[in-house]
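# Report on the structure
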Amino acid sequence: MLRKIVKFSFIFLCINLLNAYELKGYGATFAGDKVVELSNLYKLKTKNEISYFPIGSSGGIKQVLLNKADFAIVDIAFKDDSLEFIPFIKSPISISYNLPNISNLVLTPNLISKIFIGKIKFWNDKEIALLNPNLNLPNEKIIFFHRYDGSGTTFTISSFLKNNSDFWNLQNSEFINFKLGIGKKGNKEIALFIKQTPYSIGYASYYYTRNLNSVYLQYKGTISHPKDDNYPLQNYSYFIYKKDSSKKENIEKFIKFIKQNYNPKDDKLSYFD
């Protein structure tokens, strides 16, 4: 009897292994840690392997188009009729900073543009001080951290500044030559270096900067913070994959699993249609 049970268990295991599948994905860094965590949970529950590499949206698109990835998560707006786009989550983009004893800094799109292109170099610049009269701004040089990799976050914020600032003189793109500041890879790394560097500023998904100070954005007559519902600077992400992919059914199973097992509101994110 025991031999029959062992034999049946072995056969059942072999069938499960034969039916198991493997998916490989690349793309956006802003929710990269969460996707990796959910991939591990998916493997634990289904025995199917999901590998996700947060290399940036631009890299994810390239890998899918070259058939080197089964799917990507991207937050760059573009059109390609060969690809399926499945709405995923949206994330506020935070302008985060490290100023000792200051937690309620207000900036406008014009001031953010001037800082990012180097027209404003010191924290106690008269234009920042005029908007923040109650803050004791330090006479310290601004240290700017930005992305050097192909980033949907960069694309979103540069598009916002191009449309809402009189001073933005760079393109709106996932790749920008800022000509100043310090380039870092990924949202997580940007947030880490802002945290470690006094008098610094940079942009990243609020998912990674929740424990940092974030700028209150004065925009169209209102002042809002990344945690507010009316905050205008948002990243919208999508799962993308080839419409003719032989793994389409399995990709969609993984997407369904995420939506059943993840509450993005816990991370100040949300699903969208």
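Residues numbered from 1 in each chain as written. Predicted model: local features only at pLDDT ≥ 70, side-chain atom pairs only at ≥ 80, totals over all residues. Heavy atoms only, no water.

As recorded by an unreviewed UniProt entry, the protein chain carries the name PBP domain-containing protein and is attributed to Campylobacter ureolyticus ACS-301-V-Sch3b. Taken directly from UniProt, the Sequence similarities (unreviewed entry) text for the protein chain runs: "Belongs to the PstS family." (UniProt positions renumbered as here; feature names shortened; annotations may be inferred.)

Judged by how many residues are buried, strand β6 (residues 143-147) sits mostly within the fold: four of five residues are covered. Pairing of β6 with strand β8 (residues 200-205), which is carried by three bridges, proceeds in the parallel orientation. By the bridge assignment, F145 is partnered in β8 with G202. Sheet topology note: the β6/strand β7 (residues 182-184) ladder contains three bridges and is parallel. Residue H146 lies in a different strand from β7, and its bridge partner there is G183. Handedness of the β6-helix α6 (residues 152-164)-β7 crossover: right-handed. (Buried < 20%, exposed > 50% of the residue type's maximum accessible area, 1.4 Å probe, protein only. Helix = DSSP H or I, 4+ residues; strand = E, 2+ residues; numbered from the N terminus. Pairing = 2+ DSSP bridges. Right-handed = clockwise from strand over helix to strand, strands pointing away.)

The computed volume of the largest pocket comes to approximately 270 Å³. As for the largest pocket, its lining consists of 14 residues, of which P92, D228, D229, K268 and S270 are closest to the centre. Broken down by secondary-structure element, the contributors of at least two residues to the lining of the largest pocket are β4 (83-98) and β12 (234-242). Looking at the lining of the largest pocket, the element that brings in the most residues is β4, giving three residues. In terms of residue class, the lining of the largest pocket is built from five nonpolar, three polar and six charged. (1 Å grid on protein atoms, 1.4 Å probe; cavity = no way out; pocket = protein on both sides within 12 Å on 5 of 7 lines; lining within 4 Å. Points joined across faces, edges and corners; volume = space filled by probe spheres on them. Nonpolar A, V, L, I, M, F, W, Y, C, P; charged D, E, K, R; others polar.)

Attention shifts here to the domain arrangement of the protein chain. Each assigned domain of the protein chain is listed with its residue range as follows: domain 1 (25-91 + 235-271) and domain 2 (92-232). Relative placement of domain 1 and domain 2: their C-alpha centres are 27 Å apart. Each partner contributes to the interface: domain 1 provides 21 residues, whereas domain 2 provides 21 residues. Buried surface at the junction of domain 1 and domain 2, summed over both partners, amounts to about 1500 Å²; 49% is from carbon and sulfur atoms. Contact with domain 2 buries surface across domain 1, with T29, S91 and N235 losing the most and accounting together for 29% of the total. Summed over the shared surface of domain 1 and domain 2, the number is two salt bridges. The closest approach of N and O atoms between R210 and D267, which form a salt bridge, is 3.3 Å. (Domains from an automatic or database assignment. Contact = heavy atoms within 4.5 Å. Buried area = accessible area lost by both parts, 1.4 Å probe. Salt bridge = Lys/Arg side-chain N within 4 Å of Asp/Glu carboxyl O.)

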